Amino acid sequence: SRRAWIRAGLAGAAVLVVLALPFAMATDLARSIVGPLSRLREAALDTAARGLPGLVDRIRQDGPAVARHTRLAVTPEGKDEIGQVANAFNDVQKTAVEVASDQALLRQNLDTIVVNLSRRTQSLVDRQLGEIEGLESRERDPEQLSTLFRIDHMATRVRRHAESLLVLAGVEEMRKHGAATPVLDVVRTA
């Protein structure tokens with residue numbers, strides 16, 4: 001009977017070990033999945049909420065060179081499915097950063113083109129206005145003078161449009177007059 005008790009105790013212990021072993025393995029497996037998955041989730045949410053929008057804003061403000069210094073959004077912890085999801089998320093971020101960089105570069109190039117064209121237009125209009133002022137000062141016919149004043153007014157408007165394009169392109173400096181404008185020119189322009 002004592003032997004029966006010992007056998008029953010050993011059998012019970014063996015059953016407990018057999019039951020505890022899968023439970024311990026399942027718990028370990030769950031931890032190995034839940035931990036990396038939780039870290040992946042937190043990193044992805046942080047990147048989506050703060051990291052990527054902040055990086056895109058910096059690229060817009062400082063230009064596409066900022067994109068060269070980007071780091072992975074999520075650190076892959078293995079080559080399993082969770083690691084593959086992390087790599088896929090990093091690829092998505094990389095594509096978004098490339099698109100933002102391309103847009104910033106395009107915007108910079110467009111601004112450069114607009115600035116160049118606006119400055120050329122301003123230069124031509126300034127020369128044209130000088131010629132018109134010369135014609136106005138020599139003209140004695142009131143009808144011709146009136147026509148020259150209208151042409152002068154249109155050329156001045158073209159110059160203002162060119163200045164507006166410079167402002168849209170982000171150029172702060174405005175056209176500065178080297179000398180005071182004569183009152184007669186101000187009255188004519190008005």
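Above this text sits the structure in question.
Parameters and conventions
Residues numbered from 1 in each chain as written. Predicted model: local features only at pLDDT ≥ 70, side-chain atom pairs only at ≥ 80, totals over all residues. Heavy atoms only, no water. Helix = DSSP H or I, 4+ residues; strand = E, 2+ residues; numbered from the N terminus. Buried < 20%, exposed > 50% of the residue type's maximum accessible area, 1.4 Å probe, protein only. 1 Å grid on protein atoms, 1.4 Å probe; cavity = no way out; pocket = protein on both sides within 12 Å on 5 of 7 lines; lining within 4 Å. Points joined across faces, edges and corners; volume = space filled by probe spheres on them. Nonpolar A, V, L, I, M, F, W, Y, C, P; charged D, E, K, R; others polar. Contact = heavy atoms within 4.5 Å. Axes fitted to C-alpha atoms, helices over the stretch in contact; angles between N-to-C directions. Parallel < 35°, antiparallel > 145°, perpendicular 65-115°, else oblique. Patch = residues over 30% accessible without salt bridge, like charges linked within 9 Å, V, L, I, M, F, W, Y side chains within 5 Å. Areas by Shrake-Rupley, 256 points an atom, 1.4 Å probe, with all protein chains shown as cover. Salt bridge = Lys/Arg side-chain N within 4 Å of Asp/Glu carboxyl O. Core = buried A, V, L, I, M, F, W, Y, C linked by side-chain atoms within 4.5 Å.

S.K.: Please provide a residue-by-residue account of the environment of Ala88, values included.
M.R.: Positionally, Ala88 belongs in helix H2 (residues 81-138). The class for Ala88 is partly exposed, based on a relative accessible area of 39%. Distance from Ala88 to Arg39, taken between C-alpha atoms, is 15 Å for residues 49 residues apart in sequence.

S.K.: Can you break down the layout of surface pockets residue by residue, with the values?
M.R.: The computed volume of the second largest pocket comes to approximately 230 Å³. What lines the second largest pocket is simply Asp46, Thr47, Gly51, Leu52, Leu55, Arg58, His69, Thr70, Arg71, Leu72, Ala73 and Gln93. Per-element accounting of the lining of the second largest pocket gives the leading share, six residues, to helix H1 (residues 2-62). Of the residues assigned to the lining of the second largest pocket, the class counts are four nonpolar, five polar and three charged.

S.K.: Talk me through the side chain of Ser118; I want residue IDs and the actual numbers.
M.R.: Position of Ser118 among the secondary structure elements: in helix H2. Taking the relative accessible area as the measure of exposure, Ser118 reaches 1% and is therefore buried. Setting aside chain neighbours within four positions, we find Ser118 in contact with Ala162, Leu165 and Leu166.

S.K.: Tell me about the packing of H1 against H2, and name the residues and values.
M.R.: As a packed pair, H1 and H2 sit with axes 11 Å apart at the nearest point and diverge in direction by 0 degrees. Accordingly, the angle class assigned to the pair H1 and H2 is roughly parallel. In this structure, H1 uses Ile33, Pro36, Leu37, Leu40, Ala44, Thr47, Leu52, Leu55, Val56, Ile59 and Arg60 to contact H2, whose residues at the interface are Ile82, Val85, Ala86, Phe89, Gln93, Ala96, Val97, Ala100, Ser101, Ala104 and Arg107. Within the contact of H1 with H2, the residues separate by chemical class into 17 nonpolar, three polar and two charged.

S.K.: For the environment of Arg60, give the residues involved together with the corresponding values.
M.R.: Mapped onto the elements, Arg60 comes out in helix H1. With a relative accessible area of 51%, Arg60 lands in the exposed category. Counting along the chain gives 10 residues from Arg60 to Arg50, while the straight-line C-alpha distance between them is 15 Å.

S.K.: Break down a nonpolar patch on the surface for me, citing the residues and quoting the values.
M.R.: Residues Leu29, Ile33, Val34 and Leu37 make up a contiguous nonpolar surface patch of roughly 360 Å² in combined accessible area. Within the secondary structure layout, Ile33 lies in helix H1. Residue Ile33 is classed as partly exposed on the basis of its relative accessible area, which comes to 40%.

S.K.: Summarise the nonpolar core; cite the residues concerned and give the values.
M.R.: Formed by Leu52, Leu55, Val56, Ile59, Val66, Ala67, Val97, Ala100 and Ala104, the largest nonpolar core amounts to nine residues. Elements with a contribution of two residues or more to this core: H1 and H2. Considering each element in turn, this core owes the most residues, four residues, to H1. Filtering out sequence-adjacent residues up to four positions away, Val66 remains in contact with Leu55, Arg58 and Ile59.

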